[in-house]
Amino acid sequence: MLTENFTNDAIDIDSLPKYQEIVLKKPHVSYWKVICINLIICFLLLGIIAAFLLVFNDEIKPYLIAVVSAYIMLLICFFVVFWASFRKRGYAIRTQDVIYKDGIIAESTTIVPLNRIQHIELNEGVLSRMFKLGSLQIFTAGGVSGHLRIGGIPIDEAKSIRDLILNKLDSTESVETETNAGE
Amino acid sequence: MPVNNDFSKPQRQSATGIIVIVAHGSFRVIKALIIPIIIAFFRTTENKHYLFLGLLALLIIAVIISYLWYRNFTFFLNKQNQEFVVNKGILNRDQVIIHLEKIQQVNINQNVLQKIFGVYGLKIDTAGASGEEVVIYAIDEASAYNLKEHLLDRKTNVINETSEPVHRPETATPVLKISALTLLKVGLTSNHGQSLTLMFLFFIYLIQEASHIMDLLEVDDGYVENTVMGLATLFSVAIIVVVLLVALLIINLVRTFYKYFDLEIGQHKHSLILSSGLVAKKNTMISPDKVQITKHSQNYFQKKLNMLNISLKQANFGMSKNGKEMQGNTLEIVGCNKIERDELLHMILGQVPVKGKTFIPDWRFLNLPIFFKLILPLAIFSVVAFNVPEIKPLIGFGFAYFIIGAFMIYVSYRRHRIAVNQESIIKTSGIWDISNEIIMPHKIQAITASQYPWHKGVDVGHLCLHTAAGKIRFKYGNYTEIKRLVNYWLYQVESGNENWM
């Protein structure tokens, strides 16, 4: 048991490892391509629907310019927002926790201690697989909000991270049972 | 059924309770179809006996289905794997397996029907990721308590069986008992907001229903509106307000008495036992380690009367099947005084937490609420008011709204704080009801720190602690301090291997 009083802790805090000083790894550059392709597919579908409406619906026809400009604006907005959020993303695995930074406007850093992870998932989308990327999902008991989804990790790295975390989970569990047995 | 049954063999629910199950099933069917039935009843003018025939058929089907459901519902305890297994389903057989260590609480209830037939209902809440829960509708009393013991006393149950007879909750040492007088005070001083919305909804419902029924009876549509308008003019506004207030208090009292009558808390081995209820007595057993967030709250009146309400929040991750967050994972204890609160906190947390170093938010906390709750609505209101002459006289209300709103936002800013020490984190917030949410650092599941780019220069940021029972947020704090705290909590969570549940 820790028995120091708070003033001792205050000194401790500054000597503790600082999460904010960890250099975060960026998602792989090809992940931006994956995002772009996804966006383009979405916008193509949207464009087809809009085109159909423009051709076959007489009521919308007069608003051709408005529809097209709205479409282009939306396109630019999406690309800008996704680019901004792509630039902000970063992740790091420490011996005791996983750090993930993201955000569109606000920058938020979420840290999940390894001994609180419930399970992890490695997902490979069709597009991601073409670029040899994968995304890791880390689930905690903290519900939807305490759940990390790290996209755009090179697949080999993602697999090794997964194995590392799984090993860690196994070892902490066995330590826990040992200490329980010792009590 | 012998009392010391260890539930190791699959068994059905209590045979006398079959009526309860059938009634419950039929009731559910009828409840689901009540509106179509009523409409059909009003619409059909001839051949009403066909309608009754149909209803009868429906009832028979409900009875048959309920019976089959009873036949196929079995449960047993697998000691070796520490599992509770339930088999159910009529056409497709489902097997629900619950690990005993995932069980959060076991409720034993008795509704009116169950009371008549002398059986109890037993509900098991779990922390499983799928949010599965199990309800046994009919089980006799001894078996119910026996099963509860078995479900909650997993590690020591072998020893218990030989050394101790079956415990009834009455034998537990009582810690706290809330008297009727205290309940009266609680009813008068709490849940004002809830009652208000409830009454408002009820009123809307009443008007709607009235016009609906009138529609069916083919009465002139304007009649209802006329009556309502007539009533409104009949009573002066003052009388209506008084009536509303009295009604509100009465609703509050009834609700409080219905839910918390004879509230008793006892300690039994390592679990807390809560029992309360006027018509149907509810009996809940939880183990203190499973409580994630302990919250106590108090408003101005309650402070004067020296009483407060405590709620214990347990893990609620996992969604139920229809995508809603799982309900019923919060236990409320109303009307205890400071000494009783400290005793309860001691039981749950192992100590009475003291407020450590307190952090307060930056004044920028006020910006967003002032903009979105005051300036924006008032701007829209004034634009409307200057263009619509009918609304213009109401502009005084706009001023009142601004002053009250500004005051409330300021109060919420003053109350928003977080106190941290080695063993606990206490988040204070609220405007009227001031609540203190207490968590222990090892209950943290994940931590998020966030900052807007324009706050970088002034070093302001936000903090969110994710726990299994919800989030604790601290907004607009000093970001350097927040980062220090995050590092400290990470150290606490990662260095200790305390179990969070």
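Residues numbered from 1 in each chain as written. Chains lettered and ligands numbered in written order. Predicted model: local features only at pLDDT ≥ 70, side-chain atom pairs only at ≥ 80, totals over all residues.

Participant: Describe the overall build of chain B, naming the residues involved and giving the relevant values.
Facilitator: Across its full length, chain B carries 14 helices and 20 strands. In chain B, which comprises 501 residues, the proportion classed as buried is 29%. (Helix = DSSP H or I, 4+ residues; strand = E, 2+ residues; numbered from the N terminus. Buried ≥ 20, exposed ≤ 12 C-beta atoms within 10 Å, placed from the backbone.)

Participant: Can you explain the overall build of chain A? Please cite residues and give values.
Facilitator: Regarding its fold elements, chain A presents 5 helices and 6 strands. Counting helices and strands in the order they occur from the N terminus, chain A gives α-α-α-β-β-β-β-α-β-β-α. Out of the 183 residues belonging to chain A, those deemed buried represent 23%.

Participant: Give a detailed account of the interface of chain B and chain A, specifying residues and quantitative values.
Facilitator: Accessible area lost on assembly of the parts is the figure often given for the size of an interface. Tallying the contact residues gives 28 residues for chain B and 33 residues for chain A. Sorting the residues of the side of chain B that touches chain A by element identifies β18 (444–451), β19 (460–467) and α14 (479–495) of chain B as the ones contributing at least two each. In terms of residues, the side of chain B that touches chain A owes the most to one element, α14(B), which gives 9 residues. Alignment of strand β3 (residues 107–113) of chain A against β18(B), held across 5 bridges, turns out to be antiparallel. Across the sheet, the residue bridging to A:Ser108 is B:Ser450, located in β18(B). (Contact = placed C-beta atoms within 7 Å. Pairing = 2+ DSSP bridges.)

Participant: How would you explain the sheet that holds strand β16 (residues 425–429) of chain B if you had to name every residue and give the values?
Facilitator: All names here are of chain B. One open sheet accounts for 7 strands, arranged β13-β12-β11-β17-β16-β15-β14; its pairing is antiparallel. Single-partner strands in this sheet number two, and they are β13 (330–336) and β14 (357–359). Neighbour to neighbour, the strand axes of the sheet diverge by 20° on average, direction disregarded. Where β14 and strand β15 (residues 417–420) come together, 3 bridges link them in antiparallel fashion. Within β15, the residue paired with Lys-357 across the bridge is Val-420. (Axes fitted to C-alpha atoms, helices over the stretch in contact; angles between N-to-C directions.)

Participant: Tell me about the pairing of β16(B), and name the residues and values.
Facilitator: All names here are of chain B. Note: β15 against β16, 4 bridges, orientation antiparallel. For Val-420, the partnering residue across the bridge sits in β16 and is Ile-425. Count of turn residues in the β15/β16 antiparallel hairpin: 4 residues. Where β16 lies against strand β17 (residues 434–439), 5 bridges are found, and the strand directions are antiparallel. Among the inter-strand pairings, Ile-426 is bridged to a residue of β17, identified as Ile-438. Two successive antiparallel strands, β16 and β17, enclose a turn made up of 4 residues, where Gly-430 displays a positive phi of approximately 125°.

Participant: Explain the UniProt feature "transmembrane region" (unreviewed entry) in chain A to me, and be specific about the residues and the numbers.
Facilitator: All names here are of chain A. Following the UniProt record, the feature "transmembrane region" (unreviewed entry) maps to residues 34–56 and 62–86 here. For residues 34–56, helix accounts for 100% and strand for 0%, while the C-alpha atoms at its two ends are 33 Å apart. Secondary structure within residues 62–86 divides into 92% helix and 0% strand; the distance between the first and last C-alpha atoms comes to 38 Å. (UniProt positions renumbered as here; feature names shortened; annotations may be inferred.)

Participant: Help me get a handle on the packing of helix α12 (residues 367–387) of chain B against helix α13 (residues 395–415) of chain B, residues and values and all.
Facilitator: The relative placement of two packed helices is expressed as an angle between their axes plus a distance between the axes. All names here are of chain B. One can describe the packing of α12 onto α13 by two numbers: an axis separation of 10 Å at closest approach and a directional angle of 180°. Of the possible angle classes, the one that applies to α12 and α13 is roughly antiparallel. Contacts between α12 and α13 involve Pro-369, Ile-370, Lys-373, Leu-374, Leu-378, Phe-381, Ser-382 and Ala-385 from the first element and Ile-395, Gly-398, Phe-402, Gly-405, Ala-406 and Ile-409 from the second. Looking at the contact of α12 with α13 residue by residue, the classes come out as 10 nonpolar, 3 polar and 1 charged. (Parallel < 35°, antiparallel > 145°, perpendicular 65-115°, else oblique. Nonpolar A, V, L, I, M, F, W, Y, C, P; charged D, E, K, R; others polar.)

Participant: Tell me about the sheet that holds strand β6 (residues 148–154) of chain A, and please be specific about residues and values.
Facilitator: Residue and element names in this part refer to chain A. Ordered by their spatial adjacency, 3 strands build an open sheet running β4-β5-β6, and the pairing between neighbours is antiparallel. In the strand order of this sheet, the two ends are held by β4 (117–123) and β6, each with one partner. Strand-to-strand, the axes of this sheet are offset by a mean angle of 20°, without reference to chain direction. Note: strand β5 (residues 133–140) against β6, 5 bridges, orientation antiparallel. Looking at the pairing, Gln-137 lines up with Arg-149 of β6.

Participant: Outline the nonpolar core, supporting the account with residue identities and numerical values.
Facilitator: A:Val98, A:Ile111, B:Ile447 and B:Val486 are the most contacted members of the largest nonpolar core, which has 53 residues in total. For this core, the element with the most residues is α14(B), which contributes 7 residues. With residues near it in sequence (within four places) discarded, B:Ile447 still touches A:Thr110, A:Ile111, B:Leu465, B:Val486, B:Trp489 and B:Leu490. Among the nonpolar cores identified, the runner-up in size contains 48 residues, and B:Val186, B:Ile286, B:Val334 and B:Leu344 belong to it. (Core = buried A, V, L, I, M, F, W, Y, C linked by C-beta atoms within 7 Å.)

Participant: So what about the environment of A:Gly47? Which residues, and what values?
Facilitator: Residue and element names in this part refer to chain A. Within the secondary structure, Gly-47 sits in helix α2 (residues 30–56). Gly-47 gets classed as partly exposed once you count the C-beta atoms within 10 Å, which come to 14. Through-space distance from the C-alpha of Gly-47 to that of Tyr-71 is 7.8 Å; in sequence the pair is 24 residues apart.

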